[in-house]
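A structural walkthrough
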Amino acid sequence: MEHYGLLGIIPPLLAIILALVTKEVIISLTLGILSGTLIMAHGNVFTAITIFTDKVAEMSGDAWNIRILLFCALLGAFVSMLSKTGATKAFGLWATNYLKGKKSVLLFTWFFGLIIFIDDYFNSLSVGTVMRPVSDQNKISRAKLAYILDSTAAPVCILAPISTWVVTVMSYIRDSEGFESLNISEFVFFIKMIPYSVYPLLALAFVVLMTLVFKDFGPMKRSEDNAQNGKLFDEELYGACPGNMETSSNNKAKWYDMVIAILVLIVVCIVMFPVTTYMGLVGSEGIATFVQAASSISLSQAFLDTDASKALFYGAVISIMIMYIYYVVRRLLTVRSAGNSIMEGVKSMVPALVVLSLAWSIGSVIKSSPADGGLGLAAFLSEAVKGGGFPLWILPAIGYLLGCIIAFSTGTSWGTFAILIPIVIPIANGLASANGYTDNALLNVLLINVGSVVSGAVFGDHCSPISDTTILSSTGSNCPLLEHVATQIPYASLVAVSAFIGVIIGGITLNPIAALITGFVVMCVFAVLAPTFYDRLSNVNKKIKSVFSK
């Protein structure tokens, strides 16, 4: 038996429904896995539970997966150590001395968000608390600050090759049915997928355009007008601010203490990609030393052949060791406080690590054949779409919409990745094969489909009122949560609709440039029309209220 047929759809469907209803991703994934193991155990509850525990242990115990878990934990430790030094605040204060005027402050806030790419939580809180005073001085509304923070959190983290988001997506891609047929590494796949990530790219571009070119509209315009009159946020209309959170301060910290940390992480991780490949070649036929390994293949080939989990793990370990010594020598941290901050950072990543382990487990249940301890859903869906005459071009748009809906409703993009990527890849692979696509054409099909799911999930995470990044952006800017949500949704939705049109064009052409250009042009047209549309909508609302008031 190759699969369980329609029964295989129960685990992901149950996980999606429960996530939408309960907003609890961990519980939803757990029950989704248990429903699958219950099917495999033919209704025996005890056997289903034992299969569940074995499956989680098996997936978490995989060498590749362990390194990804450790990388995420160590990156949390790195961020925690950096935040305790006060270097981030020192960098922001140094930069503000050179900022003149509202536009320069907005653009620097955007740029600051780009360089804090390692973690979305750290991004929202650190950039927000550092830039809030200078934003207030320039009469920038807290809502506009929160919008920029949110727009440079998830959209940046999903595009940066060195972040917890990226290794998470790579792990789901690697374990999906059909990916191995591409004969490329998951890291190379991710790099190639960046141009297909339409929404994150357009969201980042839109912040710059709204700063330099277009006029504010909708609730954001009202907040900006209020700020010009000295009212930076509206507690009467939107409720109280979430609290005034501050970053750590240290008079000894300098702007370069943060820059050095970011550069060390980037450089070490990049260097470890080819080094990891060369290390793996030592001991193979005719290669006895590292120097011989380095001369045996080109540098570009070494990058392509690397094991990303090893390279990133090695990079994280070395980076933490270097910065630990640096910060202790600089007396920004003591030996004890540095150790405590590392432990706090690891603890902060535990929920994410649990989600990762459960996501790998449900992915295994979904894709593996019954002989390998799964339901064979991937094989079933692939067979179904091959013979069903389903149009290939519309699949990216469907994946994008599902990603938007699930992530917005649940407030999590990671959970959305875990549910949709293992389903979309085998479907896209089956449809592409049925239509005669091979080699680069097949790769493009998978890239646009996975990129569309990622784009939709990032949009949902970006503007969902229950998303952690939305809440933390509100906290970092000290803006009422409802004001942040109300002012951001029109902007994010405009970009999302533009990205959707771009995704459709990308699905038809299998060309990321066509998708991005289309989305960008549509976005600019909408941005020109939006102020007039919202003015007319406001006038209609006033007339309706006047009629009912009589």
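Fair warning: this is a prediction, and the values are worked out from it, not measured in the lab.

**Focus on the environment of S473**
Tracing the backbone through its elements, the reader meets S473 in helix α25 (residues 468-477). Exposure remark for S473: the relative accessible area of 0% places this residue in the buried category. Distance from S473 to H484, taken between C-alpha atoms, is 8.4 Å for residues eleven residues apart in sequence. Residues contacting S473, with those up to four places away along its chain left out, are S124, A146, L149, D150 and H484. One polar contact links the side chain of S473 to the main-chain amide nitrogen of D150, over a distance of 3.4 Å.

**Re the packing of helix α2 (residues 25-40) against helix α3 (residues 45-61)**
The geometry of α2 relative to α3 is characterised by a closest axis approach of 8 Å and an angle of 125° between their N-to-C directions. As the angle between them shows, α2 and α3 are arranged oblique. Considering how the two elements wind past one another, α2 and α3 form a crossing that is right-handed. Taking contact as the criterion, the partners of T30, I33, L34, T37, L38 and M40 in α2 are, on α3, V45, A48, I49, I51 and F52. Here the contact of α2 with α3 is composed, by residue class, of nine nonpolar, two polar and no charged.

**Focus on the side chain of K55**
Tracing the backbone through its elements, the reader meets K55 in helix α3. Nearest to the buried, unbridged K55 among oppositely charged side chains is E58, at 4.2 Å.

**Considerations on the side chain of T168**
Within the secondary structure, T168 sits in helix α10 (residues 164-174). The exposure class of T168 is buried, given its relative accessible area of 0%.

Reading the values: the criteria
Residues numbered from 1 in each chain as written. Predicted model: local features only at pLDDT ≥ 70, side-chain atom pairs only at ≥ 80, totals over all residues. Heavy atoms only, no water. Helix = DSSP H or I, 4+ residues; strand = E, 2+ residues; numbered from the N terminus. Buried < 20%, exposed > 50% of the residue type's maximum accessible area, 1.4 Å probe, protein only. Contact = heavy atoms within 4.5 Å. Polar contact = N/O pair within 3.5 Å; in protein donor to acceptor, adjacent residues only side chain to side chain. Axes fitted to C-alpha atoms, helices over the stretch in contact; angles between N-to-C directions. Parallel < 35°, antiparallel > 145°, perpendicular 65-115°, else oblique. Left-handed = near helix turned anticlockwise from the far one by under 90°. Nonpolar A, V, L, I, M, F, W, Y, C, P; charged D, E, K, R; others polar. Lys, Arg positive; Asp, Glu negative; His and termini not counted. Salt bridge = Lys/Arg side-chain N within 4 Å of Asp/Glu carboxyl O.

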